[in-house]
Amino acid sequence: MKTKISAIICAAGKGERAGFGKNKLLAPLYGEPALFHTLKKFDIPEIDEVIVTSSESDFEEISALCAPFGFKTVLGGATRTESVRRALGQVTGDIVLIHDGARPFVSVELIKKCIETVKKYGSGICAVKATDSAVYQGIRVDRDKLHLVQTPQGFYTDDIKKAYALADGKVYTDDSAVYAEYIEQPIFINGETGNKKLTYKEDFMRGLPPVGHGLVGLGVDVHAFGAGSFVTLAGVKIPCDGGLIAHSDGDVIIHAVMDALLSAAGLKDIGHYFPDTDEKYKNADSREMLGRVIELLNERGLAPVNISVSVQAEKPRLAKHIDAMKKNLSAVLRLSEEKIAIAAGTCEGLGFVGAGLGITAYSTATLARKEKNDG
């Protein structure tokens, strides 16, 4: 009889160190929510069941990302340990892999290797050797004896369920520590140096070329589709067979423009100035938030010189709305329409956007000192 394989993907955290003002796994990575990249890696024939943990505030959006894959979303807890414990209660497989949603660069080959190691030895924990010199409380440690633990981490389901039951409320940073304390020492396998965890904002820029020198900024925003009958893009309400899930009005174009402007000025991103935990911005008109960004620039003697936007959407069709979008942006930015470019396209059925799961917008912005701005 075939061994049934389950996977738990942990996505219930806040990721506050990334500074997005929301769950970092819902922030854009290469134009798609970071979590989407992780989910794709586990959509393979070897995995029979995937359970994704989510906080209550992110449940709708994470469920929307999981639905096309047929993955199940469950409410997590206040800690990673509690989230895994809850997810284990839903697992039906003989073997379970537990993986951090913030590790989207894991390879399918490593996932398969982890499964095979569990079948052979009872557990399989991915880890890499430390390459930097290490010091612990002033004492130098032999780096050849140090390993950096990664995920996925695989176990026979009954064993890891027993370990978590015995842990009885204690908090752990990873699953191998729970297993080691209550079952036995786990088996470590060679992980991948590329299997990095997204922790800080710069981790999301991995592989992207630098924007360049001067007052130039890059902004990206992405939102998944949910219930609704229209989307709002650059302040224009456009009929659609779904709406965008967001705390404000979900205007991906304006949000990308805001981040590009703030980036060019060397300021923090929109999550800092307009956090989704603030009820003041619930269903807010993004044009008002963009106006506040312009005020922040003006306070520093800066003003936009030009704006370029590229929006990717399989639906709705946007071509006939672009002039209205430019007009709205022009009014808020106090910039002539000739200095605002908006291009719209599809992804030809590829990826997150191509599957009709959401909309992504990219923007670049150039700033100048106000006395040099001829806009």
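Anything mentioned here points back to the structure above.
Residues numbered from 1 in each chain as written. Predicted model: local features only at pLDDT ≥ 70, side-chain atom pairs only at ≥ 80, totals over all residues. Heavy atoms only, no water.

1. Here's the deal with the nonpolar core
Item 1. Formed by 48 residues in total, the largest nonpolar core has its most connected members in L233, I253, L261, L290, M325, L329 and L333.
Item 2. Contributing elements (two or more residues each) for this core: β13 (230–233), β14 (236–239), α7 (252–264), α9 (286–299), β16 (302–312), α10 (322–333), β17 (340–345) and β18 (358–369).
Item 3. If sequence neighbours within four positions are ignored, L333 has contacts with L261, L290, I294, P304, I307 and I340.
Item 4. With 44 residues, the next largest nonpolar core counts A18, F36, C66 and I95 among its residues. (Core = buried A, V, L, I, M, F, W, Y, C linked by side-chain atoms within 4.5 Å. Buried < 20%, exposed > 50% of the residue type's maximum accessible area, 1.4 Å probe, protein only. Helix = DSSP H or I, 4+ residues; strand = E, 2+ residues; numbered from the N terminus. Contact = heavy atoms within 4.5 Å.)

2. Quick word on the pairing of β17
Item 1. Pairing geometry for β16 and β17, over six bridges, is parallel. When the bridges of β17 are listed, V311 appears paired with A344.
Item 2. What joins β16 to β17 is α10, and the crossover it makes is right-handed. (Pairing = 2+ DSSP bridges. Right-handed = clockwise from strand over helix to strand, strands pointing away.)

3. Here's the deal with the pairing of strand β4 (residues 49–54)
Item 1. The buried fraction of β4 is high, at six of six residues.
Item 2. Side-chain alternation along β4 places E49, I51 and T53 on one buried face and V50, V52 and S54 on a second face that is also buried.
Item 3. Bridge count for strand β1 (residues 5–10) against β4 is four bridges, and the pairing is parallel. Considered in β4, the bridge of A7 is made with V50.
Item 4. Of the strand pairs in this sheet, β4 and strand β5 (residues 72–75) are connected by four bridges, and their pairing is parallel. Paired with T53 across the bridge in β5 is V74.
Item 5. Taking the sense of rotation as the criterion, the β-α-β connection linking β4, helix α2 (residues 59–66) and β5 turns out right-handed.

4. Some points on the environment of V171
Item 1. You can see V171 is positioned in the loop between α5 (157–167) and α6 (175–182).
Item 2. Given a relative accessible area of 58%, V171 falls into the exposed group.
Item 3. Expressed as a C-alpha distance, the spacing of V171 and A18, which sit 153 residues apart in the sequence, is 22 Å.
Item 4. Dropping the residues within four chain positions of it, V171 is found in contact with T79 and T81.

5. A closer look at the sheet that holds β4
Paired through their backbone hydrogen bonds, the strands of a sheet run either parallel or antiparallel.
Item 1. Strand order in this open sheet of seven strands is β5-β4-β1-β6-β10-β7-β11, and the pairing throughout is mixed. Across the chains shown, the open sheet's two edge strands, defined by having one partner strand only, are β5 and β11 (188–190). In this sheet, adjacent strand axes meet at a mean angle of 30° when their direction is disregarded.
Item 2. The strands that helix α3 (residues 80–88) touches are β1, β4, β5, β6 (95–100) and β10 (147–156); relative to β1, the one it contacts most, it runs at about 150°.
Item 3. Set on the sheet, α5 makes contact with β6 and β10; between it and β10 the angle comes to about 115°. (Axes fitted to C-alpha atoms, helices over the stretch in contact; angles between N-to-C directions.)

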